[in-house]
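# Descriptive analysis of the structure
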Amino acid sequence: MDPAVVGVSVTCVFVILMVLLYVCLKRKSRPSKAEVVEEPIQKSKKSAEESPLNEGLPVEEEVIEATKKKIAFAQTDRTQSLYDLFEKESVHEVASQVTSLDEVSAIMSSAGLDFANLIFGIDYTGSNYLQGKKTFGGKCLHDIRENIPNPYQNVIGTLGETLEPFDGHGIIPAFGFGDAFTKDHSVFSLKNEQSFPTGFKEVLKIYNQITPKVRLGGPTNFAPLIRKAIEIVRNTKTYHILVIVADGQVTNERATVEAIVEASNFPLSIITVGVGDGPWDTMHEFDDKLPVRNFDNFHFVDYAKVTKKAENPGASFAIHALKEIPDQYKAIKKLKLLWDE
């Protein structure tokens, strides 16, 4: 074969290979939802005495390594315009335009949130039997049926999915309160006394398994749950968002206020989601009348109100529930409440 022809063929093959390599690298470098780089940020040993769930139980020491995720969401003209609206505090306008939970996650990232762990608290008071007359077809708010998610399932799934990209280790402590056993004195772990669920899907799975077996009780007291969350933050030394899902007003207001004030000494945000028929005037007043704290660490949202007429109920709820989180996170960093700063 003519050497010149061979040379041209080799050159062509080389050029084709280089083009294919460039295309592959280009696709690999393009972020889809978010690119994540994990960094270890804290190792913590917890003995049985220190664990928030293993009080007095003989449990072996465990070393848990948390990781911090650097999130790089793909920025588009749409997410930028939604973020601009959010910065102008037009949350209702944003809620009417967001079409997915991914967009809410992108807005949170643009607003400065780069790391957050979740804690869920579930209300098992007896009023759940009655609070679904208008907003849940007359059923108990804890009614579990296939393909008909109840308000608690919707809240866990929506906020769990929205904040999943920001969660450093995937561990989500989940507690019940207000049942016939703990009443308004303490809380119980949804999983067991030795470990927490991993990921919001496991939280949902465990919720579905145990809820039919729980005897609803009362009254409603957030204080034990908030103090448990404080204990978890102390042990893990990372930023957490406590999501309290409840169907009624606070009954022990003084204890709850004291716990919220104490929580402002730690990197902990508290979102209370009111599910069911309400009315929620008392909770809005409770939120507005809280005393001065190190930072505004408490926010209340009426689930039915922000989802009822929304074209995308999940996204609307998520942006309303999380609207104060970026400012709270900035305040926490400014106050140097994060241990890794």
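Description of the structure in this document.

Rules used in this analysis
Residues numbered from 1 in each chain as written. Predicted model: local features only at pLDDT ≥ 70, side-chain atom pairs only at ≥ 80, totals over all residues. Heavy atoms only, no water. Helix = DSSP H or I, 4+ residues; strand = E, 2+ residues; numbered from the N terminus. Buried < 20%, exposed > 50% of the residue type's maximum accessible area, 1.4 Å probe, protein only. Contact = heavy atoms within 4.5 Å. Areas by Shrake-Rupley, 256 points an atom, 1.4 Å probe, with all protein chains shown as cover. Pairing = 2+ DSSP bridges. Axes fitted to C-alpha atoms, helices over the stretch in contact; angles between N-to-C directions. Expected span 1.5 Å × (residues − 1). Polar contact = N/O pair within 3.5 Å; in protein donor to acceptor, adjacent residues only side chain to side chain. Salt bridge = Lys/Arg side-chain N within 4 Å of Asp/Glu carboxyl O. Phe/Tyr/Trp six-rings, centres within 6.5 Å; stacked < 30°, edge-to-face > 60°. Lys NZ or Arg CZ within 6 Å of the ring centre and 35° of its normal. Left-handed = near helix turned anticlockwise from the far one by under 90°. Nonpolar A, V, L, I, M, F, W, Y, C, P; charged D, E, K, R; others polar. Right-handed = clockwise from strand over helix to strand, strands pointing away.

The secondary structure content of the protein amounts to 12 helices and 8 strands. Burial status across the protein gives 50% buried among its 341 residues. Taking the contacts inside the protein whose residues are at least 6 apart along the sequence as the reference set, 79% of them involve residues at least 24 apart. For the protein, the exposed area adds up to about 17000 Å²; of that, 53% sits on carbon and sulfur atoms.

What follows is about the sheet that holds strand β5 (residues 188-189). One open sheet accounts for 6 strands, arranged β5-β4-β3-β6-β7-β8; its pairing is mixed. In this open sheet, the two edge strands, each paired with only one partner strand, are β5 and β8 (298-302). Both strand β3 (residues 117-123) and strand β6 (residues 240-246) contribute to a ladder of 6 bridges, which runs parallel. Its bridge partner being in β6, L118 is matched across the sheet by I241. Contacts from helix α11 (residues 313-322) reach β7 (268-274) and β8 within the one sheet, and its direction differs from that of β8 by about 155 degrees.

For helix α5 (residues 151-163), built from 13 residues, the straight-helix expectation of 18 Å at 1.5 Å per residue is met to within 8% by its first-to-last C-alpha distance of 18 Å. Within α5, 11 of the 13 residues are buried, leaving the element largely enclosed by the surrounding structure. Inspection of α5 places P151, Y152, Q153, V155, I156, G157, T158, L159, G160, T162 and L163 among the buried residues, and these make up the whole buried set. Its side-chain oxygen at 2.9 Å from the backbone nitrogen of Y152, N150 defines the N-terminal cap of α5.

The next point concerns the environment of E311. Relative to the helices and strands, E311 is located in the loop between α10 (303-307) and α11. By relative accessible area, E311 is classed as exposed at 72%. Considering only alpha carbons, one finds E311 and A95, 216 residues apart in sequence, at a separation of 9.2 Å.

What follows concerns the pattern of salt bridges. All chains considered together, the criterion is met by 7 salt bridges. Close ionic contact of R227 with E262 constitutes a salt bridge, the shortest N to O distance being 2.1 Å. With R227 in helix α7 (residues 223-236) and E262 in helix α8 (residues 253-263), this pair connects stretches of sequence that are 35 residues apart. A salt bridge links E258 to R254, with the shortest nitrogen-to-oxygen separation between them at 3.4 Å. Of this pair, E258 and R254 both sit in helix α8, 4 residues apart, roughly one helical turn. Classification of E258 by relative accessible area gives partly exposed; the value is 40%.

Once that is clear, we can look at the packing of aromatic side chains. Considering all chains together, one arrives at 8 aromatic pairs under this definition. Relative to Y329, the ring of Y239 has its centre 5.0 Å away and its plane inclined at 45 degrees; by these criteria the two rings are tilted. Of this pair, Y239 sits in the loop between α7 and β6 while Y329 is found in helix α12 (residues 325-334), placing the two residues 90 residues apart along the sequence. Given the relative accessible area of 1%, Y239 is considered buried. Relative accessible area serves as the criterion here: at 2%, Y329 is assigned to the buried category. A cation over a ring is seen here: K139 above F136, with NZ or CZ 4.3 Å from the ring centre.

Following both chains from N to C, one finds helix α2 (residues 77-87) and helix α4 (residues 101-110) inclined at 60 degrees, their axes separated by 9 Å at the closest point. Both α2 and α4 take part in a crossing whose hand is right-handed. The residues of α4 that touch α2, namely those facing R78, T79, L82, Y83 and F86, are E103, A106, I107, M108 and S110. Class assignment for the residues of the contact of α2 with α4 results in 6 nonpolar, 2 polar and 2 charged.

Along β7, 7 of the 7 residues are buried, which leaves the element largely enclosed by surrounding structure. The side-chain alternation of β7 yields two buried faces, one formed by L268, I270, T272 and G274 and the other by S269, I271 and V273. Relative to β7, β6 runs parallel, the two being bridged by 7 bridges. The residue bridging V243 from the neighbouring strand is I271, located in β7. In the classification by handedness, the crossover that spans β6, the intervening α8 and the parallel β7 is right-handed. Examined bridge by bridge, β7 and β8 share 5 bridges and lie parallel to one another.

In this section: the environment of V243. Relative to the helices and strands, V243 is located in strand β6. Residue classification places V243 among the buried positions, given a relative accessible area of 0%. As for V243 and L118, which are separated by 125 residues in sequence, their C-alpha atoms are 7.3 Å apart. Non-local contacts of V243, meaning those with residues more than four positions away in its chain, are made with L118, I119, F120, G121, V155, L159, I271 and V273.

What follows is about unusual backbone geometry. The omega torsion of the bond from G218 to P219 falls at 0 degrees, within 30 degrees of zero and hence cis. Along the chain, the position of P219 falls in the loop between α6 (200-210) and α7. In the segment running from G278 into P279, the intervening peptide bond is cis, with an omega of 5 degrees. Structurally, P279 is set in the loop between β7 and α9 (281-288). The residue K183 is not glycine, and still its phi comes out positive at about 50 degrees. If you trace the backbone, K183 turns up in the loop between β4 (174-177) and β5.

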